[in-house]
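Now for the letters of each chain:
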Amino acid sequence: MSDQIPDPPEVAREVFTGEAWSRAEAFAELLAGPGVVRGLLGPREVPRVWDRHLLNCAVVAEAVPRDVRLVDIGSGAGLPGLVLAIVRPDITVTLLEPLLRRTVFLEECVESLKLGNVEVLRGRAEEFAGRREFDVASARAVAPLDRLLKWALPLLREGGELLAMKGERAAEELADAEGQLRSSGVRTAELVSVGHGKVEPPATLIRVVAGRVPEGPRKTSRRKDRPSRGRQTRGQ
Ligand SMILES: C[S@@+](CC[C@H](N)C(=O)[O-])C[C@H]1O[C@@H](n2cnc3c(N)ncnc32)[C@H](O)[C@@H]1O
């Protein structure tokens, strides 16, 4: 393992079990190596690659139901989507990211980690409104809640959930978006705390449950649904 990467904390062994352990180690190396060289992760993040990145993202799995189709909006270097795919082989994960440099890295990671439950999709979330449908949307450090709602809700089925990783300002963001939440017809919006005993402090999520899906192009045929731009790749 690279000199710069700290030893994983003890708790990492509880979070990444079975095959997930070697994949988590390999992903830490990819982030701290090519990820830093290509400017996807700041060099100062390397010492905290386990706690701030891998573990903090992995604990989001506590809020993800079983066997769902999850889209990670603005996945960047694969956070949290690729980590969720590592710890949750029961779910299928779409890493949605507009920047080519990042999708190339993501595709390389998927191949190198031999993840069969991941798709890399290049494009902006708003391009796929009504064209793709998911059960869960995750996002970390992508946009304020009001903008995230505009991007995520059209990608979710009725009853689907947005899980937005937010920090200290989570409650404030939720309060600020109250009007929009009401007019978007969402069922519920609440703060959820995950990772107790695993990450310090525990991670705060805003969970929004989508209401009725508006009538739209989602009802068109599969062939027409295919995005006109953007590359899609399935993992091995
Ligand atoms: C600050 S980075 C965060 C990356 C990653 N989620 C993380 O926590 O490290 C924000 C990411 O959102 C992507 N992004 C920006 N606008 C987007 C949009 N409209 N749809 C999807 N992704 C978008 C950017 O390309 C970038 O990779």
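Conventions used here
Residues numbered from 1 in each chain as written. Predicted model: local features only at pLDDT ≥ 70, side-chain atom pairs only at ≥ 80, totals over all residues. Heavy atoms only, no water. Helix = DSSP H or I, 4+ residues; strand = E, 2+ residues; numbered from the N terminus. Buried < 20%, exposed > 50% of the residue type's maximum accessible area, 1.4 Å probe, protein only. Contact = heavy atoms within 4.5 Å. Polar contact = N/O pair within 3.5 Å; in protein donor to acceptor, adjacent residues only side chain to side chain. Core = buried A, V, L, I, M, F, W, Y, C linked by side-chain atoms within 4.5 Å. UniProt positions renumbered as here; feature names shortened; annotations may be inferred.

**Student:** So what's going on with the side chain of Thr 103? Which residues, and what values?
**Tutor:** As for its placement among the helices and strands, Thr 103 is situated in helix H5 (residues 100–112). By relative accessible area, Thr 103 is classed as buried at 1%. Setting aside anything within four residues of it in sequence, one finds Thr 103 in contact with Glu 97, Val 120 and Arg 122.

**Student:** Please give an account of the side chain of Glu 173 that cites residues and values.
**Tutor:** The topology assignment puts Glu 173 in helix H7 (residues 170–176). According to the relative accessible area criterion, Glu 173 is buried, its value standing at 13%. Within the local environment of Glu 173, its side chain forms a polar contact with the backbone nitrogen of Leu 145, the two atoms lying 2.7 Å apart. Setting aside residues no more than four positions away along its own chain, Glu 173 makes contact with Pro 144, Leu 145, Lys 166 and Ile 206.

**Student:** Can you tell me about the nonpolar core, naming the residues and giving the values?
**Tutor:** In this structure, Phe 16, Phe 27, Trp 50 and Leu 82 are the most contacted members of the largest nonpolar core, which totals 56 residues. Per element, the largest residue contribution to this core is 8 residues, and it comes from helix H2 (residues 19–37). One finds Leu 96, Ala 137, Leu 156 and Val 186 within the second-largest nonpolar core, a separate group that totals 28 residues.

**Student:** I'd love a proper account of the UniProt feature "binding site: S-adenosyl-L-methionine" (unreviewed entry) in the protein chain, names of residues and values included.
**Tutor:** The UniProt entry lists Gly 74, Leu 79, Ala 125, Glu 126 and Arg 140 under the feature "binding site: S-adenosyl-L-methionine" (unreviewed entry), expressed in the numbering used here. By secondary structure assignment, the location of Gly 74 is in the loop between strand S1 (69–73) and helix H4 (81–87). Note on Gly 74: relative accessible area 22%, which makes it partly exposed. Apart from residues lying up to four places away in sequence, Gly 74 is in contact with Leu 96, Glu 97 and Val 142.

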